[in-house]
Amino acid sequence: MRLQHLRKDAGLTGRELSARCGWHPAKTTRIQKGEAAPLDTDIRTSCTACGADDQANDLIATARAGSGAGVPRVAGSYGPGPVSTGAKLAVVPVQQFRMYQTGVQSWSWS
């Protein structure tokens, strides 16, 4: 949502933003609807086009943290890129984060 607000605050339409960024209008739509996660360069380009370079680092940090910079993460997606059709948007506050690593030998009490 924040990316969309930046665009509107700059007085740009989605097509105008797309043209300034050198993107197809569908890319702008997918990013702003949360259907695709933007790369850091996409966020920087969008901020520059909107005259909001000072907000780029904060938006990138928020997007990486997954806390909804207008760059929501989609359930089942792993990294930036197109999201499969039919995926549902899941914006959930995280209170506990677990990491798993493959190839680690299990440990037992025996």
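The structure contained in this document is the topic of the report that follows.

Rules behind the numbers
- Residues numbered from 1 in each chain as written.
- Predicted model: local features only at pLDDT ≥ 70, side-chain atom pairs only at ≥ 80, totals over all residues.
- Heavy atoms only, no water.
- Buried < 20%, exposed > 50% of the residue type's maximum accessible area, 1.4 Å probe, protein only.
- Helix = DSSP H or I, 4+ residues; strand = E, 2+ residues; numbered from the N terminus.
- Arc of directions from axis to C-beta.
- Contact = heavy atoms within 4.5 Å.
- Axes fitted to C-alpha atoms, helices over the stretch in contact; angles between N-to-C directions.
- Left-handed = near helix turned anticlockwise from the far one by under 90°.
- Disulfide = S-S within 2.5 Å.
- Salt bridge = Lys/Arg side-chain N within 4 Å of Asp/Glu carboxyl O.

### Here's the deal with helix H2 (residues 14-21)
Among all positions of H2, only Leu17, Ser18 and Cys21 are buried. Considered in projection along H2, the buried side chains sweep an arc of 100 degrees and stay on one side of the axis. Opposite the buried face of H2, at more than 90 degrees from it, the exposed residues are Arg15, Ala19 and Arg20. Each element contacted by the buried residues of H2 is listed here: helix H1 (2-9), helix H3 (25-33) and helix H4 (40-49).

### Description of the packing of H4 against helix H5 (residues 56-65)
The N-to-C vectors of H4 and H5 enclose an angle of 145 degrees; their axes lie 9 Å apart at closest approach. As for how H4 packs across H5, the hand of that crossing is right-handed. The residues of H5 that touch H4, namely those facing Asp40, Ile43, Arg44 and Cys47, are Ala56, Asn57, Leu59, Ile60, Ala63 and Arg64.

### Digging into the state of the cysteines
What the rule picks out here adds up to zero disulfides. Cys21 forms no disulfide, and the closest cysteine sulfur to it belongs to Cys50, at a distance of 6.9 Å. For Cys21, a relative accessible area of 13% gives the class buried. In this model Cys47 remains outside any disulfide bridge; the closest cysteine sulfur is found in Cys50, 6.9 Å from its own. In this structure Cys47 comes out as buried when scored by relative accessible area, which is 0%.

### Focus on the pattern of salt bridges
Under the defined criterion, the tally for this structure stands at three salt bridges. With its nearest N and O atoms 2.7 Å apart, the salt bridge here joins Asp58 to Arg2. Residue Asp58 is located in helix H5, and its partner Arg2 is located in helix H1; the two are separated by 56 residues in the primary sequence. With a relative accessible area of 31%, Arg2 lands in the partly exposed category. As a salt-bridge pair, Asp40 and Arg64 come within 2.2 Å of each other at their nearest N and O atoms. Residue Asp40 is found in helix H4, and its partner Arg64 is found in helix H5; the two are separated by 24 residues along the sequence. With a relative accessible area of 27%, Asp40 lands in the partly exposed category.

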